[in-house]
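Listed below, chain by chain, are the residues.
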Amino acid sequence: MRRFSFLLSRYAIIVILVGVLVLLGISIYLGLKSAGQMRQIVKEDFNQQQLVLAKHTAGLLEQDIEFLKRELRILNHSASVQYSESLTWASRMRVTLSSVRDDGVVEIRRINREGDKAFLVDERSLEHVITGNFKDAPYFEWAQQPENKGRVYISPIMTDQPGYYGRLIMIIAKPTYEESVDESHPHPSGMWSGVLAFYIDVHHLAKKFTMQIKSGKTGYAWIMDNQGTFLSHPEEEFIGKNAFTVRKARMPAISFDAINEIQREKMLAGQEGWGTYISGWHLGQAGVIHKLIAYAPVKLTGPNLAEAAGPVPSWSVAVVAPVSEVEGVIHTIYRRQFLIQVIIGFFVLLSSVALLNYRYERQFTATLEDEVNRKTEELQRSEARYQALVENAADLIYSVDAEGRIQSINRCAACLFSLARSVSGKPEASEAKIKVRPEDFIGRTFYDIFDKKSANFHLEWLQEIKDTGLTRNKRHPVTVKGKEFWFSTSIVGLRDEQDQIFAYEIISRDVTGRKAMEDRLINMEKLASLGTMAAGVAHEINNPVAVILGFTEHLLEKTTELPDVHESLQVIEEEGLKCKKIVENLLTFARTPERAEASTKINELLEKTLAVMKNSLMTKKIYQECAFAPDLPRVKGDPQELQQVFINLINNAIDAMKGGGTLRIKTKLTAKNRVAIEFSDTGVGIPKESQAKIFDPFYTTKKTGEGTGLGLSMSYGIITKFGGKIICNSYPEEEYPDKHGTTFIVYLPVFTEAEAEAEATPLGTEAEVREEQAPGIGVFL
């Protein structure tokens, strides 16, 4: 019996020992596997954050390069540059250089069509005109090809560019054609006249975006081009060197195969992603160092980019950090957890130290919780630093799902989108009075923020990215609560582990001011061209008008005894003088005239104007109702110019009443001692979105060929010239079917007695009076 008990005890001990060893082995195996999985999860999460930072930096760099292309195009449209005008080309280049110097532009160069002379402004804003043979320059040869008109050339990065030896220089260029119009060149030839180029120090440009990036505690960023050359790197000796050889040359004992493969297979191929590699140093520390890397491409290509500049130009932004920083977050916790688990498992299986096991378990749990809380706070602070980059950015950054529902948004976007908020269905208060909270926009859709057209545009763009997988930058208008903005936007699809797009990151920059400036520049060039043309038309018309008036005056002297003929000649003379006034108006448009003080009786002028327009009103089946206030004082204004304004307003009313209607004209004296003239029609009205633009030059709501867009603009100029103002109230037929129509009200100041005495003062001789009444006749005859 004892032997049996002994054998049983022995077998029990053996079983227990085997069980302990097996459970201990399983515990060790599971602990090691858990640690490996935890490390992998933390590494991937950290690398995803690094990838977001790399993609954001790449997007900012792409936008900056697009900005340089736009500045190149705008400068290339300048007449001073196209014609190399000796007095203005350098000043125009300096203006552009001052706006792009911070982006690495060190020189702006314009080469003539013969290729033997270059006009340039260097980085010190000094102008130079140099001669030599520039025909062999690759971008000059490229610019000569007609198919490259309107496209932009981007050169490979060079270190041997004359004048910039040892610096990383990239050239972007655009063919120059003589297309702009100014006073010296009223008729552009449209011929190719050379090439305009920006010389860019790409190290300065790249460093601008990487010097402030910090991943974790000691991580950093660097940029390389598609030839494997470092454009920016914390190690100054690496800049301008080949990324595949410079590391090996510095530390031959370490294998850099992993990073070289990432650079060759992924980064040079323009892909994004993350990985790990072995380095030999990190910010002054030497030795074998394992690092995490995330990278994103910087695509320089575009629809108007040259393809003859060698390999497809693209750069890559990399963000790296030591693995030890990430593993250190969990290493202490895991090691303590692992050891305590083994001890607890051993004593539990022996069933001899239950109380001690309980004490250690409680102690372990509390310690682990404190350590986890501490590490969690550190991770939260680290995440907050990354989030601050997005939150405090001057761009609009937000993410949406496939239905356009906002998932996250930064403060800048929330401030702008707050225009779309409303209170009790009433128009919202000013933006300064709205307390903007980004979380209020979570769950909102594009239709809650933009108008229907802008929302549909964004949804179609999301579908395009989902279908093609391509990311493109677009410049487009959006309307937020009736207010129009222009955005430069980039949308990136965010993919899950199955490479499926589950959300979209949208980065927009408000370029409304820049777009308005570009539009004003275009309109200024149009007005300059139209002014030149007006001067030519005035010259051609003035000669026959002068001949007609001369012969009419001669015949008037000969026909004083023939009343019927004399009266007809007087009509001819009156109409000829009107033609002469039209010529003067053309000259007024082409140059800034001296303000002429004149006065008129407004009721009499309106009666004459209606007599002229009587036939037009009758043929269009338009009835007129007049209510003129009696005994109105004289008003400031030239009669013929005011008649031109009234005719233009009446014609616009006729055009708005295609099937007939009623035109009401009223006059009255306001409480502010101004005479008001009101023109009201029952036409179709003006759309709300067009009412704010009707006085802009070249803006018209009429069909092509029916209007020039200058009538109301010139009328506005005439009225304001005499100290008056003109306002418009319109009710579109689509929104107000019962009271549709448009009312224009012209306010003119009363002509005072002092001004009347000045007007009555003799001007001088008869010849002086005639010269004052017909300015410019001597210039054109």
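Note that the coordinates shown come from a computational prediction; the quantities given were computed from them, not determined experimentally.

On to the overall build of the protein chain, then. A count of helices and strands for the protein chain gives 21 helices and 23 strands. Here the protein chain, with 781 residues, has 42% of them falling under the buried criterion. In the protein chain, the share of contacts with a sequence separation of at least 24, taken over all contacts with a separation of at least 6, comes to 63%. Total accessible area computed for the protein chain in this model is approximately 42,800 Å², and 55% of it derives from carbon and sulfur atoms.

Another point: helix 3 (residues 89–100). Here helix 3 contains 12 residues, and its C-alpha end-to-end distance of 17 Å stays within 8% of the 16 Å for a straight helix at 1.5 Å per residue. Regarding helix 3, the residues found buried are W89, A90, M93, T96, L97 and V100. The buried side chains of helix 3 occupy one side of the element, clustering within an arc of 125° when seen end-on.

Let us look at the side chain of S193. Take S193: it is sitting in strand 6 (residues 192–201). Excluding residues that lie within four positions of it along the chain, S193 makes contacts with Q82, R110, I111, N112, R113, T176, Y177 and E178.

The subject of this paragraph is the packing of aromatic side chains. A full pass over the atoms with the stated rule returns 16 aromatic pairs. Seen in terms of ring centroids, W142 and Y153 are 5.3 Å apart; in terms of plane orientation they differ by 50°. Their pairing is tilted. Taken together, the positions of W142 in helix 4 (residues 138–143) and Y153 in strand 4 (residues 153–154) put the pair 11 residues apart, joining distant regions of the chain. Assigned by exposure class, W142 and Y153 land together as buried. Over the ring of W281 we find R250, and its NZ or CZ is 4.5 Å from the ring centre. Of note, K725 hangs over the ring of Y747, and the distance from its end group to the ring centre comes to 5.5 Å.

With that settled, the discussion passes to the sheet that holds strand 21 (residues 674–681). Spatial ordering of the open sheet is given by 18-20-21-23-22, a layout of five strands whose pairing is mixed. Taken across any chain shown, the strands that pair with only one partner, and hence form the sheet edges, are strand 18 (622–628) and strand 22 (725–731). Averaged over neighbouring strand pairs, the angle between their axes works out to 10° when direction is ignored. Of the strand pairs in this sheet, strand 18 and strand 20 (residues 661–669) are connected by seven bridges, and their pairing is parallel. The residue bridging A627 from the neighbouring strand is K666, located in strand 20.

A cluster of nonpolar side chains, namely V18, V22, L23, I26, Y29 and L30, defines an oily patch on the protein surface of about 550 Å² accessible area. Mapping Y29 onto the fold places it in helix 1 (residues 2–76).

Structurally, T609 is set in helix 15 (residues 602–619). Non-local contacts of T609, meaning those with residues more than four positions away in its chain, are made with Q643, F646, I647 and I650.

All right, on to the pattern of salt bridges then. Enumeration according to the criterion identifies 25 salt bridges in this entry. In this structure, the salt-bridge partner of R509 is D395, at a minimum N-O distance of 3.1 Å. Here D395 lies in the loop between helix 9 (354–391) and strand 12 (396–400) and R509 lies in strand 16 (residues 501–510), a separation of 114 residues in the sequence. Taking the relative accessible area as the measure of exposure, R509 reaches 32% and is therefore partly exposed. For R664, the salt bridge is made with E625, and the minimal N-O distance between the two is 3.2 Å. Within this pair, whereas R664 is found in strand 20, its partner E625 is found in strand 18, the two being separated by 39 residues in sequence. Where salt bridges share partners, they join E371, R374, K375 and E378 into one cluster.

What counts, and where the lines are drawn
Residues numbered from 1 in each chain as written. Predicted model: local features only at pLDDT ≥ 70, side-chain atom pairs only at ≥ 80, totals over all residues. Heavy atoms only, no water. Helix = DSSP H or I, 4+ residues; strand = E, 2+ residues; numbered from the N terminus. Buried < 20%, exposed > 50% of the residue type's maximum accessible area, 1.4 Å probe, protein only. Contact = heavy atoms within 4.5 Å. Areas by Shrake-Rupley, 256 points an atom, 1.4 Å probe, with all protein chains shown as cover. Expected span 1.5 Å × (residues − 1). Arc of directions from axis to C-beta. Phe/Tyr/Trp six-rings, centres within 6.5 Å; stacked < 30°, edge-to-face > 60°. Lys NZ or Arg CZ within 6 Å of the ring centre and 35° of its normal. Pairing = 2+ DSSP bridges. Axes fitted to C-alpha atoms, helices over the stretch in contact; angles between N-to-C directions. Patch = residues over 30% accessible without salt bridge, like charges linked within 9 Å, V, L, I, M, F, W, Y side chains within 5 Å. Salt bridge = Lys/Arg side-chain N within 4 Å of Asp/Glu carboxyl O.

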